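What follows is the residue order along each chain.
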Amino acid sequence: MNITVRFISAIAALMMCSTLALAQNNSIFTATYTTGFIDLDPSTAASSEIAVLANVYEPLVWWQPGENGSDATLEPGLATSWEASEDGLSWTFKLREGVTFHDGTPFTSEAVKFSIERTQRLEGASAWIWWAVESIETPDPLTAVFKLTDPSPIPLIASSAYCAWMISPMVGDKTGEWFNAGNVAGTGPFTIRSYKAGVQTILERHADYWGESPEGGIDIAVIDNVEDPVLREQRLLGGKSDWSEGLDTDNLAQIDENENVRIANFKAFQNFFGMYNVAKPPLDNIKVRQALSYAFPYDQMVNNIMSGQVTQARGIVPVGMPGHAADAMQFTQDIEKAKALLSDAGVEQDSLKLTITYTAGSPEPQKAAEIYKAALAQIGVELVLQPMAWEAQYELATSDPANAQDIFMMFWWPTYVTSLDFLSSLFRSEDDINYNLSYYKNADFDALVDKGADTMATDSASSVQAFEEASRLLAADAPAVFIYDQQNAYGVREDIKGYISNPAYSHVVFLNQISR
């Protein structure tokens, strides 16, 4: 055992001890996540922090998947009903009565106004969802009226997994630093007892929560961040964790055979891809990008590594979501074609060296990078693998593109359920880098995305058509290697009841729904 392994094992042992030290009873739930939570500010968080935020905060509206083939629905959250004006430029929300924030402040229309305006002002990565909101009026405490510059599907937007959480107005001008110290200002069923960034978050039930709780429900949730997939599996099988993401796909069948654990598979609007840095040569050359895309071993990834539990992606919008173009260009591995394209682009044999970054401790990206490295070697390209903590990977990518990675490998799930999020957040031109980490700029693509966005609320058919055209254009232009669309697989202890994954809020365990 080398020093690194001994260090990781020691950290894991300490985490297990701290978890067990809380208590050994049925009211404690333990969950293991692959990455740390870097931003607990509900106005700006845009990543895995949703695991915490969706239990501490609540939106006006919840998105719920359909059952047995039925359509998805929008369900009341902190709003009980909503109605649009005839011209589509105003939405009136009636609010739930008798709700208070964790700090005792009543939930009213002033809180709605404060929450949305704070999110707009801070301009976080997902604040774009409120682009059409010009103002919010508060005619009475239980009525909020959204005034828009353009028609927009505000109830759908209000169900967003990011930047749609209601926040106590008592927050005032407090910054993200206040939230990242473990402070809370929500209406949700849980509050934060303690928070150690990148290590552990402990949530406890809010005694004065306005809603109901299941019999035998959870009182305390311990969320541990564990990068090592082996340790995640050991914790689950050993009973130190009740739920885990990021389990090695090769081991899922074996884990499922354990009488105390089940593998729960759920539909997901999530995909996996590698974004090419088109801001620096030679990846600014479409032939080079196409060559790299033809080199990737899709069949090996989908059928061998992922055991056929995923489907090869066809562009950036996942299958099953309106705006997915079923006829978009789809690359297949063709080594000879890849060699020819590199030659046509003027790239000499064995002259190209690229760096790929991905999140350390996530087994799928690690394996994808390894087989990509072997495949690229066949066309004379050297690929340097650079696993990193998500925080460091993102920081590098949002610095100067000229000094950033060549390929940024990542997963994506939507801010709210719309193909606009995949198209706009990831590939629409940006002056300030958020998640367009290929640094892609294409005016024709931008125009199609904007056309789709502008007609979402008034002409859904035209909107979907524009998004499909944008998907086709993007797939052919190859600013990324589009690898697979996935379903989510989690390990869950058999005594956990009521657990269901909602694809609109990916990787969230809704603690108020589960029990033992």
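Predicted, not measured: the structure shown is a model, and the values here were computed from it. (Residues numbered from 1 in each chain as written. Predicted model: local features only at pLDDT ≥ 70, side-chain atom pairs only at ≥ 80, totals over all residues. Heavy atoms only, no water.)

Re the overall build of the protein chain
Heads up, the condition is: Each helix is a run of DSSP H or I of at least 4 residues and each strand a run of E of at least 2, with the numbering of both proceeding from the N terminus. Here the globule rule is a power law, 2.2 Å times the number of residues to the power 0.38, and the radius of gyration is based on C-alpha atoms. Between two residues, a contact is recorded if the distance between any of their heavy atoms is within 4.5 Å. Every accessible area reported is derived by Shrake-Rupley at a probe size of 1.4 Å, with residue values counting cover from the shown protein chains alone. For the charge count, each Lys or Arg is scored as positive and each Asp or Glu as negative, with His and the chain ends excluded. For this purpose, a charge sits on NZ of Lys, CZ of Arg, CG of Asp or CD of Glu.
Counting its secondary structure elements, the protein chain contains 15 helices and 17 strands. In terms of C-alpha radius of gyration, the protein chain reaches 23 Å, essentially the compact-globule figure of 24 Å for 516 residues. In terms of overall dimensions, the protein chain has a C-alpha envelope of 70 × 60 × 45 Å along the principal axes. In the protein chain, once contacts between residues fewer than 6 apart in sequence are set aside, the share between residues at least 24 apart is 71%. Total accessible area computed for the protein chain in this model is approximately 20400 Å², and 48% of it derives from carbon and sulfur atoms. Treating the 32 positive side-chain charges of the protein chain as one cloud and the 67 negative ones as another, the clouds have centres 4 Å apart.

Some remarks on the nonpolar core
To keep it simple, the criterion reads: Here the nonpolar core consists of buried residues drawn from Ala, Val, Leu, Ile, Met, Phe, Trp, Tyr and Cys, with membership extended through side-chain atoms lying within 4.5 Å. Exposure categories follow from relative accessible area, calculated using a 1.4 Å probe and restricted to protein chains: below 20% of the type maximum is buried, above 50% is exposed, and the middle band is partly exposed.
The biggest cluster of nonpolar side chains holds 151 residues, and the ones touching the most others in it are L60 and F146. Ranked by size, the runner-up nonpolar core spans 7 residues in total, among them L236, L252, I255 and I263.

Focus: the sheet that holds strand β4 (residues 79-84)
Applicable threshold: When DSSP locates at least two bridges between a pair of strands, those strands are taken to pair. Comment: axis = line fitted to C-alpha atoms, over the contacting stretch for helices; angle = value between 0 and 180 degrees taken between N-to-C directions.
The 4 strands are arranged β4-β5-β7-β6 in an open sheet whose pairing can be described as antiparallel. The open sheet terminates on both sides in strands that have one partner only, identified here as β4 and β6 (133-140). On average, each strand axis in the sheet is tilted by 20 degrees relative to the strand beside it, whichever way the strands run. Taken together, the 5 bridges between strand β5 (residues 90-95) and strand β7 (residues 143-148) define a ladder with antiparallel strand orientation. Bridge pairing links T92 to V145 in β7. Helix α3 (residues 109-122) contacts β5, β6 and β7 of the sheet and is inclined by roughly 165 degrees relative to β6.

Some words on helix α6 (residues 229-237)
Under the convention used in this document: In protein, a polar contact means a hydrogen-donor-capable atom and an acceptor-capable atom, both N or O and within 3.5 Å, with residues adjacent in sequence counting only if both atoms are side-chain atoms; elsewhere, any N or O pair within 3.5 Å suffices.
Every buried residue of α6 is listed here: L231, R232, E233, R235 and L236. Two or three places before V230, at the start of α6, stands the capping residue D228, its side-chain oxygen 2.8 Å from that residue's backbone nitrogen. Just past α6, the residue G239 takes up positive phi, approximately 80 degrees.

Notes on the packing of helix α8 (residues 286-295) against helix α11 (residues 363-377)
To keep things clear, this is the line we draw: Helix crossings are classified by the rotation of the near helix relative to the far one: an anticlockwise turn of less than a right angle makes the crossing left-handed, while a clockwise turn makes it right-handed. Put simply, Ala, Val, Leu, Ile, Met, Phe, Trp, Tyr, Cys and Pro go in the nonpolar bin, Asp, Glu, Lys and Arg in the charged bin, and everything else, Gly too, in the polar bin.
The contact between α8 and α11 brings their axes to 9 Å, and the two run at 115 degrees. Note that α8 runs across α11; the crossing there is right-handed. Of the residues in α11, those touching α8 at L292, S293 and A295 are Y372, A375 and L376. Residues that form the contact of α8 with α11 fall into these classes: 5 nonpolar, 1 polar and no charged.

Some remarks on helix α10 (residues 335-344)
Stated formally: Throughout, the arc means that of the directions going from the helix axis to the C-beta atoms.
Looking at α10, one finds that the buried residues are I335, A338, L341 and L342. Along the axis of α10, the buried positions cluster into a sector of 125 degrees, meaning they face one direction only. In α10, those exposed residues whose orientation departs by more than 90 degrees from the buried face are E336, S343 and D344.

Notes on unusual backbone geometry
Cis geometry marks the peptide bond from P281 to P282, where omega comes out at 0 degrees. Its identity as a non-glycine residue notwithstanding, E123 has a phi of 55 degrees, on the positive side. Relative to the helices and strands, E123 resides in the loop between α3 and β6. Classification of E123 by relative accessible area gives exposed; the value is 63%. Residues other than glycine seldom take positive phi values, yet H507 does so here, at roughly 70 degrees. Take H507: it is sitting in the segment after β17 (480-493). A relative accessible area of 11% places H507 in the buried class.

A look at the packing of aromatic side chains
Test applied: Aromatic pairing here means that ring centres of Phe, Tyr or Trp (its six-membered ring) are within 6.5 Å. Orientation follows from the plane angle: under 30 degrees is stacked, over 60 is edge-to-face, and everything else is tilted. Whether a charge lies above a ring is judged from NZ of Lys or CZ of Arg, which has to be within 6 Å of the ring centre and within 35 degrees of the ring normal.
The tally for this structure, following the rule as stated, stands at 30 aromatic pairs. With centroids separated by 5.3 Å and ring planes inclined at 50 degrees, the aromatic side chains of Y209 and W210 adopt a geometry described as tilted. Ring-pair connections join several aromatic residues into one group, and the members of that group are Y33, F37, W243, F266, Y490 and Y499. For K174, the ring lying beneath its charged end belongs to W178, and the centroid distance is 5.4 Å.

Let's talk about the pattern of salt bridges
Here is the rule: When a carboxyl oxygen of Asp or Glu is within 4 Å of a side-chain nitrogen of Lys or Arg, the pair counts as a salt bridge.
With the rule as written, the count across this model stands at 16 salt bridges. The residue D450 makes a salt bridge to R428 at a minimum N-O spacing of 2.7 Å. Taken together, the residues D450 in helix α14 (residues 443-454) and R428 in the loop between α13 (419-427) and α14 connect sequence positions 22 residues apart. Among the residues examined, R428 registers a relative accessible area of 26% and is labelled partly exposed. R516 is paired through a salt bridge with D495; the nearest N and O atoms lie 2.9 Å apart. Of this pair, R516 sits in the segment after β17 while D495 sits in the segment after β17, and the two are 21 residues apart along the sequence. One network of salt bridges, in which partners are shared, links D242, D495 and R516.

Some thoughts on the confidence of the model for the protein chain
Convention followed: pLDDT is defined as a per-residue confidence score from the predictor, taking values between 0 and 100.
With 95% of its residues at a pLDDT of at least 70, the protein chain reaches an overall mean of 93. The low-confidence segment residues 1-24 (pLDDT under 50) makes 25 contacts with residues lying over four places distant or belonging to another chain.

Observations concerning the side chain of S47
Summarising the element assignment, S47 is placed in the loop between β1 (28-33) and α2 (50-56). What makes S47 buried here is its relative accessible area of 13%. Beyond its immediate stretch of four places on either side in the chain, S47 contacts Y162, W390, W413 and Y435.

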